[in-house]
Each structure stands twice: as structure tokens, then as C-alpha cells.
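One letter stands for each residue in the lines below.
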Amino acid sequence: MENTLKLLCFPYAGGSSFSIYRQWTKWLSPIQLIPIELPGRGSRMEEPLLYSLEELEENLFQDIVRNHIQENDRVALFGHSMGSLLAYRIGLRIGTDSPYSLVHTFLSGFDPLHLPRKKVYHRMSDREFMHEMCELGGTPIEVMQHEVMRNTFLPVLRADIQVVETYLESDRNVADCKLACDMSVLYGFHDNTMSDRIHSWNRYTHCRTEFKGFEGDHFFIVNDNQREVPTYVRKVLMEKLAVSI
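Anyway, here's the lowdown on the structure attached to this text.

What counts and how
Residues numbered from 1 in each chain as written. Predicted model: local features only at pLDDT ≥ 70, side-chain atom pairs only at ≥ 80, totals over all residues. Heavy atoms only, no water. Helix = DSSP H or I, 4+ residues; strand = E, 2+ residues; numbered from the N terminus. Contact = heavy atoms within 4.5 Å. Axes fitted to C-alpha atoms, helices over the stretch in contact; angles between N-to-C directions. Parallel < 35°, antiparallel > 145°, perpendicular 65-115°, else oblique. Nonpolar A, V, L, I, M, F, W, Y, C, P; charged D, E, K, R; others polar. Buried < 20%, exposed > 50% of the residue type's maximum accessible area, 1.4 Å probe, protein only. Pairing = 2+ DSSP bridges.

### As for the environment of Phe 106
Turning to its location among the elements, Phe 106 is positioned in strand β4 (residues 101-108). Sequence spacing of Phe 106 and Glu 47 is 59 residues, and the spatial spacing of their C-alpha atoms is 27 Å. Beyond its immediate chain neighbours, meaning those up to four positions away, Phe 106 contacts Leu 7, Leu 77, Phe 78, Gly 79, Ser 184, Leu 186, Tyr 232, Val 233, Val 236 and Leu 237.

### A few points about the packing of helix α5 (residues 126-136) against helix α7 (residues 147-170)
Running from N to C, α5 and α7 cross one another at 85°; their axes reach a closest spacing of 12 Å. When the axes of α5 and α7 are compared, the pair comes out roughly perpendicular. Listed contacts from α7 to Asp 126, Phe 129, Met 130 and Met 133 of α5 are Arg 150, Leu 154, Leu 157, Arg 158 and Ile 161. Classifying every residue of the contact of α5 with α7 gives six nonpolar, no polar and three charged.

### Section: the pairing of strand β5 (residues 182-188)
Of all the seven residues making up β5, six are buried; the element is thus mostly covered by neighbouring parts of the structure. Pairing analysis gives five bridges linking β4 to β5, with the strands arranged parallel. If you follow Leu 107 over to β5, its bridge partner there is Val 185. Pairing geometry for β5 and strand β6 (residues 209-214), over six bridges, is parallel. In the strand pairing of β6, Tyr 187 is matched with Gly 213.

### A closer look at the sheet that holds β4
With parallel pairing, the six strands of this open sheet are ordered in space as β2-β1-β3-β4-β5-β6. Each edge of the open sheet is held by one strand with a lone partner, namely β2 (32-35) and β6. The sheet shows a mean angle of 20° between the axes of neighbouring strands, direction not considered. Relative to β2, strand β1 (residues 5-10) runs parallel, the two sharing four bridges. By the bridge assignment for β2, Leu 8 is matched with Ile 34. In the packing of helix α4 (residues 82-94) onto the sheet, contacts are made with β1, β3 (74-80) and β4, and the angle to β3 comes to roughly 155°.

Pasting the structure below:
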């Protein structure tokens, strides 16, 4: 279809995009959902984990342009938590001087990149790290208590957290790089990982920014709003398609 729009979705730390987003297809039609899997999990389980944003960004970009999008495709991006950072970085690459049309970016559950974080997790001991991850609500305590599951999941989660935190520690001028599309910033009303300066995300695009709150904590996209979030995403993107017709 001429006006088909592809939505590339990026996971939170430790997550599999297919597992997180697969249910969204029920509420997104005719938007084409494309979960972007990271190395070391899901369909890419046999690939080695990556520990720096530069390596991971390049890996994902090459996967996207080889396997998921073609020249002149209309593309939107969605990321939650760590996925917001990935969506932003990929958006910079496919939205400027590229053969693709980036129409919108959704950043969910993540503070603006220039703000200092409340905690640094990747330097914690395994015991402290596991406790903190369970407190955030996205990691069932049963997983951490089961030795085989813990030994499989913990390295993936640690690698992802290291990617995010080492990047944020090293680059505080990130707001100088702006997206060339409208942006939606989603957040949970009870997310205690977020600051009260979320509106400074508007510094990260040359275009318009909309802020949308939902009931729930940091993992509001899966815990409380399995239908509401993709329904909102579809509404925004269908308005983009209507304008283009």
C-alpha cells in the first residue's frame, strides 16, 4: 500500500521486542509493527551481547536497513526506557540525509538524555543490582530466585544497563542533536524513575513535541495500558497518514 507506515519498536533493558510488542498488532492496523530485536535475546539469542551504544546502534541500524525498511519507506519509531535512547539514536540516522521518511518518534519512560540519573546500576554487585531491578517492577522476583533463569537473564540486563549508563556518563551535549520529526513523550503518572523536567525533551527535535501521561509506574506500557498505549500510537500515526493523502 502506498501509504503504509512501518513502526519500529525498541525494547526496554533486558527485554525482547517481540515479547513486549507482539500484542500491539491487534490495535495498530493498518500500521505495520516491526519489533526490533537486540543481540543476545529472542530471535537473535545466539549473537553476542554488546556493551557500548556505538556498537549496538550500528548493529541495529544495519539490521534495520537490510531486513526491515526500504528506500522511500515511511517510518515511525517507538522505544520504552532504554528503547527510547535507541529510538532517538536510530531516528537521528534515518531522519537526516537518508532515503527514508521519518514521520514520528515516540519516546516512553525515559528522562531527557542531558539530565543526571538518580542511580547508577551497572557498577552494583549482583545482589544489589537484582534487588534494584526487582524494585523497578519489570523483573519478576521469581526470575532472580531461579538459578538457571537468573544466569540467562542477568547478563542481558546488565549489558543493556551498561550501554545506557556509560553513554549518558560520557556525553552531556546530546541535546545538540535534534530529530527532524514530531515527537511524542509518554510517561507513567507514578514512575519514580522520572524527573519533573521531562518537558525538556522538546530540546531534542526541530519539530513539535507532545507529552502524554498514562496510569501506572515505570512499566506502564505492559502493566497497566496494554491497549491504551498502542491505541494512542495508532491515533497519532493515522493523523500523519491522513495528512499525506
